[in-house]
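Structure assessment
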Amino acid sequence: QQQQQQQTTEHKMFQKLQGCDVAWSTSHSTTRHSYLYHTSNYNSTTPSLPSSSVKDNTAYHAVMKAVNGTILESQMMPGSYVHIQDEISFWENDFWLNDRGYVVGKYGEEFVYGNREGVPYKMTRVALFEMEEEEEEEECWKRRVVREDLAWTLGDAFFSSNAE
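Note that the structure is predicted; figures quoted are calculated from it, not measured.

Some remarks on the packing of aromatic side chains
- Under the criterion given, the structure shown has 5 aromatic pairs.
- With 5.4 Å between their ring centres and 35 degrees between their planes, Tyr60 and Phe90 make a pair best called tilted. Placement of Tyr60 in strand 2 (residues 60-64) and of Phe90 in strand 4 (residues 81-90) is noted, with a sequence separation of 30 residues between them.
- Between Tyr102 and Phe111, the aromatic rings sit 5.4 Å apart at their centres with planes inclined by 70 degrees, giving edge-to-face as the arrangement.
- Through successive ring pairs, a cluster of aromatic residues spans Trp24, Tyr60 and Phe90.
- Positioned above the aromatic ring of Trp96, the side-chain terminus of Lys122 is 4.4 Å from the ring centre.

Overview of the side chain of His83
- With respect to the secondary-structure elements, His83 resides in strand 4.
- Its relative accessible area of 14% is what places His83 among the buried residues.
- Reaching out from His83, the side chain makes a polar contact with the side chain of Glu109 at a distance of 3.0 Å.
- The contact partners of His83, leaving out residues within four places of it in the chain, are Asn68, Gly69, Thr70, Ile71, Arg100, Gly101, Tyr102, Val104 and Glu109.

What about the confidence of the model for the protein chain?
- Summarising the model, the protein chain shows a mean pLDDT of 80, and 72% of its residues fall at 70 or more.
- Residue range residues 160-164 is modelled with pLDDT below 50. Its contacts to residues more than four positions away, or to other chains, number 8 contacts.

Quick notes on the pattern of salt bridges
- Per the counting criterion, the structure on display carries 3 salt bridges.
- With its nearest N and O atoms 2.8 Å apart, the salt bridge here joins Glu87 to Arg100. Residue Glu87 is located in strand 4, and its partner Arg100 is located in strand 5 (residues 94-105); the two are separated by 13 residues in the primary sequence.
- Where Arg147 meets Asp149, a salt bridge forms, and the shortest distance between an N and an O atom there is 2.8 Å.
- Classification of Arg147 by relative accessible area gives partly exposed; the value is 27%.

What about the pairing of strand 5?
- Two strands pair when backbone bridges link them, and strand 4 and strand 5 are joined in this way by 10 bridges, in the antiparallel orientation. Looking at the pairing, Glu87 lines up with Asn98 of strand 5.
- Counted between consecutive antiparallel strands, the loop separating strand 4 from strand 5 contains 3 residues.
- Examined bridge by bridge, strand 5 and strand 7 (residues 121-124) share 4 bridges and lie antiparallel to one another.

Cut-offs and rules
For every chain, the first residue of the written sequence is number 1, and numbering continues from 1 along that sequence. In keeping with the predicted nature of the model, local features appear solely for residues at pLDDT of at least 70, side-chain atom pairs appear and are counted solely at 80 or more, and the whole-chain, interface and lining totals rest on all residues. To obtain the side-chain values, all non-hydrogen atoms of the structure were included, while hydrogens and water were left out. Between the rings of Phe, Tyr and Trp (Trp by its six-membered ring), a pair exists once the centres lie within 6.5 Å; its type follows the angle of the planes, with under 30 degrees stacked, over 60 edge-to-face, and the other angles tilted. Only runs of H or I of at least four residues qualify as helices and only runs of E of at least two qualify as strands under DSSP, and these elements are numbered from the N terminus. Comment: the charge-over-ring label is applied if NZ (Lys) or CZ (Arg) is within 6 Å of the ring centre and within 35 degrees of the ring normal. Relative accessible area decides the class of each residue, using a 1.4 Å probe on protein chains only: under 20% of the type maximum gives buried, over 50% gives exposed, and in between gives partly exposed. Whenever a nitrogen or oxygen atom comes within 3.5 Å of another N or O atom, the pair is scored as a polar contact, on the condition that within protein one atom can donate a hydrogen and the other can accept it, and that pairs from neighbouring residues in sequence are kept only if both atoms are in side chains. Residue contacts are defined here by distance: any two heavy atoms, one from each residue, within 4.5 Å place the two residues in contact. pLDDT is a per-residue confidence score from the predictor, ranging from 0 to 100. Salt bridge, as used here: a side-chain nitrogen of Lys or Arg that lies within 4 Å of a carboxyl oxygen of Asp or Glu. Whether two strands pair comes down to DSSP finding at least two bridges between them.

Rendered as structure tokens:
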């Protein structure tokens, strides 16, 4: 019974948003993942991959199953509605999220978040968590910074890879 109460409590923390299901694939869509082709001249026919993932181009891509996105009631402004559209790509060390939102109004839609040009948020792995064995053969997770130039994003307590 206690386990059931814990599961119920955990489920109350999250709300499934109808119409926001995504489909994952190892292949990208040339139209819905068009941000992969954005270069300085926008005429590229070859995907522009993250530089930190060029050794292994294994990627996973997601699109919303609702091809034109979905419209949901705003969580911030009850009574108003937001049209959302997302595409996702990730590699071992990079995560790209093309997330856009538009408020649906009487006279059409007004852009509220994301990038109007379809350029995704581009996030790069800064640290790894690795299992290490201690002297007493206990397993312990340790953080290892893999991008020292971005270590500042971890905050003061984690600024160097030597931080405990």
